[in-house]
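# A look at the structure
Below are the chains, spelled out letter by letter.
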Amino acid sequence: MKQVKTTGNLPMDGMILMFVTGG
Amino acid sequence: MKASYYNLYVPHKEHFICYNTKNDIFCLLTDRNHDLLCNHLPQLAQAAPRVYEQLVEQRFIVDDDADEYGELCAEYDTAIHNPNVYYLTLLPSLDCNLRCWYCFEKHVKGSHLTPESTQAILAYVRRLWDEHPQLAHLNVEMFGGEPLLYFREELYPLLAQIKQDAEERQRKASFFFVTNAVCITPDTLPLFDRLNASFQISIDGYKDRHDRVKFIPGTREGTYDRMIETVYSLTRNLKNTYINLRLNYDDETLPHMADLIQDLIDVDRHKVGVHLERVWQTGHSAKHDNQALKAAIDLWMLNGFKVSYMNLGRRSFSCKASAVNQAIFSYDGTAYKCSGRDFTPQHCEGTLTADGFLHWDAGKLERRMNIVTYDNDLCRSCKLMPLCWGPCCQKQLESPSDLERFCQKRHMELSMPDYICYQFNEACIETELRTPS
């Protein structure tokens, strides 16, 4: 079974125009 | 040209995140370009012409005479009068198989749909289709009470008939259940699949905590294990389902989020998302720096889940109770507009007759529909207006002179920069989930 990730980067952590659209 | 009024800026390392709330789009800017955008716009066109063009294209920069507020007013008006969609909420029962301590509903033991009320609902819906040729979508939401208490014998036949009636007229009906999931058993899965059903299932935290809140009254048996198994069963057996896991949290549950994520670690992220909602009776002192909440949101996102927090997603009105095409029908033919209050005579606003005619209390309806939820000093100048549209019409009916008490910014437990960073990450996760693998 996979384990919960407790460390690592969220998308913005490693990011320069860059666009991301909301839902 | 000018920067859009609805741009919000948040520093991030050497960059800035800009979120335009009107167009629901983020961009990442260098520190220099952020400064030029905010303070020296003509220089931005010279220094970075391609960046400038893209910012115009995506409406972070607008014409000097652009009336963004006027456009939003028109959007709201169009949305609440939209003839293409009808929001119908059904209360198949006001009884419940659980007794969550925080629930505000007045339970009516043994209440359920009758053959007469079922026929009245069907007659009403058929009349909607036949008298409103523009109506294309009927969104049917099941609420209560626990709406699935008599699912197989009473509710499913009604919903299947609504679906058939819609399809015979080349229209669409969709079905959404707000449920504790206890009544979702293996034999009901094919029925939900036929309805293309989606769900909101509430969780009260990790197993021990959930089972202390949601237990079968007679045996005190907890429902956590069954609920988790049901989430997996629904995602594996229903082709088109979506489950919004409403996580009712308080200060005790936030530090235990990893236990819950572990129990959902193999679930299909395309079909399940999490919504975090504080149990309001445990009211936080509304300091905007709840680090435990921020850590909980980050942990869900780190594990690939879509997360919603606050009611600030881009939409076109505050609450569907403001929409003309909206009604709530109870099992006994009484009609309501607001589902956020108990379903008692005080809040009843109409009656559905046996032959399917809806008679609203004209005075009550007029008072509600006359409220333009954002048209007040608090909301008019708010940059979050396109995400919020102000306190709902029910709150404004009850407390017209005290709207500030209901402002979402006041109740947000994150700082605005933290909230925008969370939304940026969330948008990235959604984009990734939408991208075919």
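These remarks concern the structure in this document. (Residues numbered from 1 in each chain as written. Chains lettered and ligands numbered in written order. Predicted model: local features only at pLDDT ≥ 70, side-chain atom pairs only at ≥ 80, totals over all residues. Heavy atoms only, no water.)

### A look at the overall build of chain B
Rule in force here: Here a strand is any run of E in DSSP of at least two residues, a helix any run of H or I of at least four, and the numbering for each starts at the N terminus. Atoms counted for the radius of gyration: C-alpha only. Globule rule: 2.2 Å times the number of residues to the power 0.38. Three exposure classes are used, based on accessible area relative to the maximum for each residue type with a 1.4 Å probe and protein chains only: buried under 20%, partly exposed in between, and exposed over 50%. It only takes one pair of heavy atoms within 4.5 Å for two residues to be counted as in contact. Accessible surface area values rest on a Shrake-Rupley calculation with a 1.4 Å probe, where residue burial reflects the displayed protein chains alone. Think of it this way: Lys and Arg go in the positive column, Asp and Glu in the negative one, and His and the chain ends go nowhere. Note on charges: their place is set at NZ of Lys, CZ of Arg, CG of Asp or CD of Glu.
Scanning chain B from N- to C-terminus turns up 17 helices and 16 strands. The C-alpha radius of gyration computed for chain B amounts to 23 Å, which stays within 12% of the reference 22 Å derived for 437 residues, consistent with globular compactness. When the backbone C-alpha atoms are referred to their principal axes, chain B occupies close to 70 × 50 × 45 Å. Within chain B, the proportion of its 437 residues that are buried is 55%. Taking the intrachain contacts of chain B between residues at least 6 apart in sequence as the baseline, contacts between residues at least 24 apart amount to 71%. Accessible surface, chain B: about 19300 Å² in total, of which carbon and sulfur atoms supply 52%. Separation between the mean location of the 47 positive side-chain charges and that of the 60 negative ones in chain B comes to 2 Å.

### A few points about the interface of chain B and chain A
Our working definition: A 1.4 Å probe defines the accessible area here, and the buried area is the portion of it lost by two parts on being joined, summed over both. Salt bridges are counted wherever a side-chain nitrogen of Lys or Arg sits within 4 Å of a carboxyl oxygen of Asp or Glu. Polar contacts, as counted here, are pairs of nitrogen or oxygen atoms within 3.5 Å of one another; within protein the pair requires one atom able to donate a hydrogen and one able to accept it, and residues that are adjacent in sequence qualify only if both atoms are side-chain atoms. Gly is put with the polar residues, along with every residue not named as nonpolar or charged; the nonpolar set is Ala, Val, Leu, Ile, Met, Phe, Trp, Tyr, Cys and Pro, and the charged set is Asp, Glu, Lys and Arg. Note on pairing: two strands pair once DSSP finds at least 2 bridges between them.
Each partner contributes to the interface: chain B provides 35 residues, whereas chain A provides 22 residues. Here chain B and chain A share an interface that buries about 2600 Å² over both sides, 65% of which is from carbon and sulfur atoms. Three residues, L28, Q262 and L302 of chain B, lead the burial of chain B against chain A; their summed loss comes to 24% of the area buried on that side. In this assembly, chain B and chain A are joined by zero salt bridges. Where chain B packs against chain A, one counts seven residue pairs in polar contact (both at pLDDT 80 or more). Counting residues per element, the side of chain B that touches chain A draws most heavily on helix α17 (residues 416-434) of chain B, which supplies nine residues. Residue composition of the side of chain B that touches chain A, grouped by class: 20 nonpolar, nine polar and six charged. Across four bridges, the pairing between strand β1 (residues 18-21) of chain A and strand β4 (residues 25-30) of chain B is antiparallel. Residue F19 of chain A lies in a different strand from β4 of chain B, and its bridge partner there is C27 of chain B.

### Quick look at the sheet that holds strand β13 (residues 326-330) of chain B
All names here are of chain B. The test is simple: As a rule, the C-alpha atoms of each element are fitted with a line to give its axis, helices using only the stretch in contact, and angles between N-to-C directions run from 0 to 180 degrees.
Taken together, the 11 strands give an open sheet; going across it, the order is β12-β11-β10-β9-β8-β7-β6-β13-β14-β15-β16, and neighbouring strands pair in mixed fashion. Where the open sheet ends on each side, the last strands, each with one partner, are β12 (306-309) and β16 (358-360). Each strand axis lies, on average, 25 degrees off the axis of its neighbour in the sheet, ignoring direction. Pairing between strand β9 (residues 198-203) and strand β10 (residues 243-249): five bridges, direction parallel. Paired with Q200 across the strands is N244, a residue of β10.

### Points about the pairing of β10 of chain B
Residues and elements named next belong to chain B. The condition is simple: We call a crossover right-handed when, viewed with the strands running away from us, the connection from the first strand over the helix to the second turns clockwise.
Taken across its seven residues, β10 has six buried, putting it largely inside the fold. Where β10 and strand β11 (residues 272-278) come together, seven bridges link them in parallel fashion. Within β11, the residue paired with L245 across the bridge is V274. With helix α10 (residues 257-263) bridging β10 and its parallel neighbour β11, the resulting β-α-β unit is right-handed.

### Description of the pattern of salt bridges
Residue and element names in this part refer to chain B. A complete count under the given rule lists 23 salt bridges over all chains for this structure. The salt bridge involving D130 is made with R169; its shortest N-O contact spans 2.9 Å. In this pair, D130 is assigned in helix α5 (residues 115-131) and R169 in the loop between α6 (151-168) and β8 (172-179), connecting sequence segments 39 residues apart. Look at D130 and you get exposed, because its relative accessible area is 52%. With a shortest N-O distance of 2.9 Å, R380 and D375 are connected by a salt bridge. Take R380: its relative accessible area is 32%, and that puts it in the partly exposed class. A single network of salt bridges, built from pairs that share partners, joins R209, R212, D250 and E252.

### Regarding the packing of aromatic side chains
Residue and element names in this part refer to chain B. Keep this limit in mind: Working definition: a ring pair exists when centres of Phe, Tyr or Trp rings (six-membered ring for Trp) sit within 6.5 Å. Plane angles under 30 degrees give stacked, over 60 give edge-to-face, the rest tilted.
What the rule picks out here adds up to 22 aromatic pairs over all chains. Measuring from centroid to centroid gives 5.0 Å for Y124 and F329, while their planes differ by 85 degrees, and the two rings are edge-to-face. Here F329 lies in strand β13 and Y124 lies in helix α5, a separation of 205 residues in the sequence. Across this residue pair, the class does not change: Y124 and F329 are buried. Taken together, a centroid distance of 5.6 Å and an interplanar angle of 25 degrees make the contact between F177 and F199 stacked. Of the two residues, F177 is situated in strand β8 and F199 in strand β9; the sequence distance between them amounts to 22 residues. With respect to burial, F177 and F199 carry one shared label: buried.

### Looking at the sheet that holds strand β2 (residues 7-12) of chain B
Pairing in this open sheet of four strands is antiparallel, and the strands run β1(A)-β4(B)-β3(B)-β2(B) from one edge to the other. With partners counted over all chains shown, the strands left at the sheet margins are β1 of chain A together with β2 of chain B, one partner each. For this sheet, the mean inter-axis angle between neighbouring strands, taken without regard to orientation, is 20 degrees. Across six bridges, the pairing between strand β3 (residues 15-20) of chain B and β4 of chain B is antiparallel. Its bridge partner lying in β4 of chain B, Y19 of chain B is registered against F26 of chain B.

### Focus on the environment of E404 of chain B
Residues and elements named next belong to chain B. Among the secondary structure elements, E404 is positioned in the loop between α15 (393-398) and α16 (408-411). C-alpha separation for the pair E404 and Y206, spaced 198 residues apart in sequence, amounts to 34 Å. Contact partners of E404, with chain neighbours within four places excluded, come to L378 and R410.

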